[in-house]
Amino acid sequence: MMNHCVATYRLYDDRADFHKKAEGIAVGLTVGSWTDLPEAAKADMEKHLGRVVSVQEHHSDVPGERCAEISIAYPDINFSHDIPALLVTIFGKLSMDGRIKLIDVNWSDEFKQAFPGPKFGVDGVRKLVDVHDRPLLMSIFKSVIGHDLQTLREQFYQQALGGVNLIKDDEILFENPLTPIGRRVRVCMQAAQEAEQRTGKKLLYAVNLTGPTFSLRDQALRAIEAGANALLFNVLGYGYDVLHALSQDRDITVPIAAHPALAGSYYPSPHHGISASLVLGKFMRLAGADLVLFPSPYGSVTMPKEETQAIREALTTAAIDAPPSFPVPSAGIHPGLVPLLIRDFGTDVVVNAGGGVHGHPLGTAAGGRAFVQAIDAVMQGSSLEGFAADHEELRAAIQAWGVKQ
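Residues numbered from 1 in each chain as written. Predicted model: local features only at pLDDT ≥ 70, side-chain atom pairs only at ≥ 80, totals over all residues. Heavy atoms only, no water.

1. Comments concerning the overall build of the protein chain
This is how the line gets drawn: The secondary structure listing takes helices from DSSP runs of H or I that are at least 4 residues long and strands from runs of E that are at least 2 residues long, numbered from the N terminus. Computation of the radius of gyration draws on C-alpha atoms alone. For the globule rule, the value is 2.2 Å times the number of residues to the power 0.38. Residue exposure (1.4 Å probe, protein chains only): buried if accessible area is under 20% of the type maximum, exposed if over 50%, otherwise partly exposed. Should any heavy atoms of two residues lie within 4.5 Å, those residues are considered in contact. Computed by Shrake-Rupley with a 1.4 Å probe, the accessible areas treat only the displayed protein chains as cover when residues are assessed. The charged-residue count follows a simple rule in which Lys and Arg add positive charge and Asp and Glu add negative charge, with His and chain termini not counted at all. For this purpose, a charge sits on NZ of Lys, CZ of Arg, CG of Asp or CD of Glu.
Looking only at helices and strands, the protein chain features 17 helices and 12 strands. Computed over the C-alpha atoms, the radius of gyration of the protein chain is 23 Å, within 12% of the 22 Å expected from 2.2 N^0.38 for a compact globule of 405 residues. Sorting the 405 residues of the protein chain into buried and exposed places 55% on the buried side. Sequence separation of 24 or more characterises 73% of the internal contacts of the protein chain that already satisfy a separation of 6 or more. Per element, the accessible surface of the protein chain, about 17,300 Å² overall, is 51% carbon and sulfur. One way to put it: in the protein chain the 36 positive side-chain charges average out to a point 3 Å from where the 46 negative ones average out.

2. Observations regarding the sheet that holds strand 12 (residues 350-353)
Where we set the bar: Two strands qualify as a pair provided that DSSP identifies no fewer than 2 bridges between them. To define axes, lines are fitted to C-alpha atoms, for helices over the stretch in contact only, and angles between the resulting N-to-C directions are given on a 0 to 180 degree scale.
Spatial ordering of the open sheet is given by 11-10-9-8-7-6-5-12, a layout of eight strands whose pairing is parallel. A single partner strand is all that each edge strand has here, and the edge strands are strand 11 (326-330) and strand 12. Recorded for the sheet is a direction-independent mean angle of 25 degrees between the axes of neighbouring strands. As paired elements, strand 7 (residues 204-208) and strand 8 (residues 230-234) share three bridges and run parallel to each other. Bridge assignment links Asn208 to a residue of strand 8, and that residue is Leu232.

3. What about unusual backbone geometry?
Most peptide bonds take the trans form, and the phi angle of most residues other than glycine is negative. With a phi close to 80 degrees, Leu262 is a non-glycine residue in the positive phi region. The residue Leu262 is located in the loop between strand 9 (256-259) and helix 11 (276-287) in this model. Assessed through its relative accessible area of 54%, Leu262 is described here as exposed. Look at Ala331: it is not a glycine, yet its phi comes out positive at around 85 degrees. Inspection of the secondary structure puts Ala331 in the loop between strand 11 and helix 13 (338-345).

4. Description of the environment of Leu243
In this fold, Leu243 is placed in helix 10 (residues 240-248). Given a relative accessible area of 0%, Leu243 falls into the buried group. Spatially, the C-alpha atom of Leu243 lies 8.6 Å from that of Ala258, the residues being 15 residues apart in sequence. Every residue in contact with Leu243, bar those within four places of it in the chain, is listed here: Phe233, Val235, Ile256, Met284, Ala287, Gly288 and Ala289.

5. Here's the deal with a nonpolar patch on the surface
To keep it simple, the criterion reads: Within this analysis, patches are made of residues with over 30% relative accessible area and no salt bridge. Like charges are joined at 9 Å or less; nonpolar side chains (Val, Leu, Ile, Met, Phe, Trp, Tyr) at 5 Å or less. Salt bridge, as applied in this entry: a Lys or Arg side-chain nitrogen positioned within 4 Å of an Asp or Glu carboxyl oxygen.
Taken together, the side chains of Ile145, Ile172 and Phe174 make up a nonpolar region of the molecular surface, amounting to roughly 310 Å² of accessible area. When you line up the elements, Ile172 lands in the loop between strand 6 (166-168) and helix 7 (181-199).

6. Notes on the nonpolar core
Inclusion rule: For the purposes of this section, nonpolar cores are sets of buried Ala, Val, Leu, Ile, Met, Phe, Trp, Tyr and Cys residues that join through side-chain atoms within 4.5 Å.
Tyr9, Leu102, Phe156, Tyr240, Phe283 and Met284 are the most contacted members of the largest nonpolar core, which totals 112 residues. Those residues in contact with Phe156, other than ones at most four positions away along the chain, are Phe141, Ile167, Cys188, Ala191, Ala192, Leu203 and Tyr205. With 18 residues, the next largest nonpolar core counts Leu166, Ala230, Ala257 and Phe326 among its residues.

7. Points about the environment of Ile181
Along the polypeptide, Ile181 turns up in helix 7. In this structure Ile181 comes out as buried when scored by relative accessible area, which is 3%.

Encoded structure:
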């Protein structure tokens, strides 16, 4: 039986015959024409022909608007086994053909063979930081542009003293004369070692991998040689294929955290683009991201809860034959949101905070400790308010930001 990748779309049209439209897509994105071909040519071309799997018309939320979900199977023989080829085939010119959104893709086992997925994934990252039974905690550099190495080092050290498991660069911290990547890694990893002597906790530093595309591998190797034990990567700026190449490079021996920058140009519209569960879920995991950041349902930059849950499922469930990636719901996270994060995402989650750490009334290190205490409270089955009675840092955080139920 021929292998296919199946793409599912949501199509909006007030007058279209959805079945006819689906047939047009199946033919138009594969052999281009069918009825005009002579019978002899059809026999040769049939193995390349797309086919309609299903057409299901739905009621739209907008009165008078018609929509349908259509699924098309595309023969693997039509495209090379890489994500750019797949995307151009199933949604290249179609993305410009009216109100249509790509909402899901199921690839064949043959296509999947080219993608082993994350090199570390959830279990591998947990092993590196030696934390196995609770959520991880990540903090973020803030106010990084224009600061020198010593300032960044002190900011890193204070975060590490707070007991975080990961620290990541800001995604807009690019290569620059004040804090070049090699020197930045060295001074920050020295601070990490000093903090570990006081906290007993190992941590990963996800340094931002930037620069021209064809220099990224060399840049990554320089960072690793300097001591980097994780990388942050703006995947959508460079493309999934670049992430795949980096993640599968045997010399790149550290986890990769995928930043969601530019994702908002893909998923928010109901009528256009690509679903969040694909952009930040399936494709990130397929291409090899060990951790994936995305907006949480609660903070300053939010995403509808059902979309965040679809991302979590795409990153973690066995439906995709690859190691699970860590979901990292982000943006505007403070300690009072920790119970919601664990309730909705489980314990295989990274709690990620910037202002919730640095903006703590008692300072950055106290901000980290407040998050650790909030996680402790949830894991012990205690309320944050009750736990805070004996923990000053959590108490100050609750007074500053409250607890969201």
